[in-house]
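As a plain string of letters, each chain reads:
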Amino acid sequence: WGWAKTASDELAGTGVTVNLLAPGLHSTDRAVELGRDRPYIGDPMAFGRVVAFACSVHTAFMTGTALVVDGGRIRGL
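Structural notes, computed from the coordinates.

Basis of the calculations
Residues numbered from 1 in each chain as written. Predicted model: local features only at pLDDT ≥ 70, side-chain atom pairs only at ≥ 80, totals over all residues. Heavy atoms only, no water. Helix = DSSP H or I, 4+ residues; strand = E, 2+ residues; numbered from the N terminus. Rg over C-alpha atoms; globule rule 2.2 N^0.38 Å. Buried < 20%, exposed > 50% of the residue type's maximum accessible area, 1.4 Å probe, protein only. Contact = heavy atoms within 4.5 Å. Areas by Shrake-Rupley, 256 points an atom, 1.4 Å probe, with all protein chains shown as cover. Lys, Arg positive; Asp, Glu negative; His and termini not counted. Charge placed at Lys NZ, Arg CZ, Asp CG, Glu CD. 1 Å grid on protein atoms, 1.4 Å probe; cavity = no way out; pocket = protein on both sides within 12 Å on 5 of 7 lines; lining within 4 Å. Points joined across faces, edges and corners; volume = space filled by probe spheres on them. Nonpolar A, V, L, I, M, F, W, Y, C, P; charged D, E, K, R; others polar. Arc of directions from axis to C-beta.

## Describing the overall build of the chain
No. 1: Each helix and strand counted, the chain has three helices and two strands in total.
No. 2: Starting at the N terminus, the α and β elements of the chain follow one another as α-β-α-α-β.
No. 3: A compact globule built from 77 residues would reach a C-alpha radius of gyration of about 11 Å, whereas the chain, at 15 Å, exceeds it by more than 25%.
No. 4: On the principal axes, the C-alpha backbone points of the chain span a range of 45 × 25 × 20 Å.
No. 5: Considering the chain as a whole, with its 77 residues, one finds that 21% of them fall into the buried category.
No. 6: The long-range share in the chain, meaning contacts at least 24 apart out of those at least 6 apart in sequence, stands at 55%.
No. 7: Roughly 5,500 Å² of accessible area belongs to the chain as shown, and the carbon and sulfur atoms make up 59% of that amount.
No. 8: Both charge centroids of the chain, one from 7 positive and one from 7 negative side chains, sit 7 Å from each other.

Structure (structure tokens):
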């Protein structure tokens, strides 16, 4: 997360934003293959919608932040 904060500080005012997306475990083919597909697991399409939001004009004034998309499983970013 530190590199994203540094980059966002260095690019402040240029129109370039830097944000971090931190996915938790999502139900991908690989997760199923590894036996990690459990009842409490994210929908990859839901994560994709967060990615689309992060790349949209709605976040033009948001920089240097982490969006944790894990259903509340990880703390501390």
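Next comes the rest of the account.
## Overview of the layout of surface pockets
No. 1: Its volume calculated, the largest pocket comes out at about 230 Å³.
No. 2: Taken together, 15 residues line the largest pocket, and the ones lying closest to its centre are Leu25, Tyr40, Ile41, Asp70 and Arg73.
No. 3: Class assignment for the residues of the lining of the largest pocket results in seven nonpolar, four polar and four charged.

## Some details on the environment of Phe61
No. 1: Within the fold, Phe61 resides in the loop between α3 (44-54) and β2 (66-69).
No. 2: Separated by 48 residues in sequence, Phe61 and Gly13 place their C-alpha atoms 9.9 Å apart.

## Quick notes on helix α1 (residues 2-11)
No. 1: Of the positions making up α1, those classed as buried are Ala4, Ala7 and Ser8. Buried residues of α1, seen end-on, are gathered within an arc of 100° and therefore sit on one face of the element. Facing away from the buried side of α1, by more than 90 degrees, are the exposed residues Asp9 and Glu10.
No. 2: Directly beyond the C-terminal end of α1, a positive phi value near 85° is found at Gly13.

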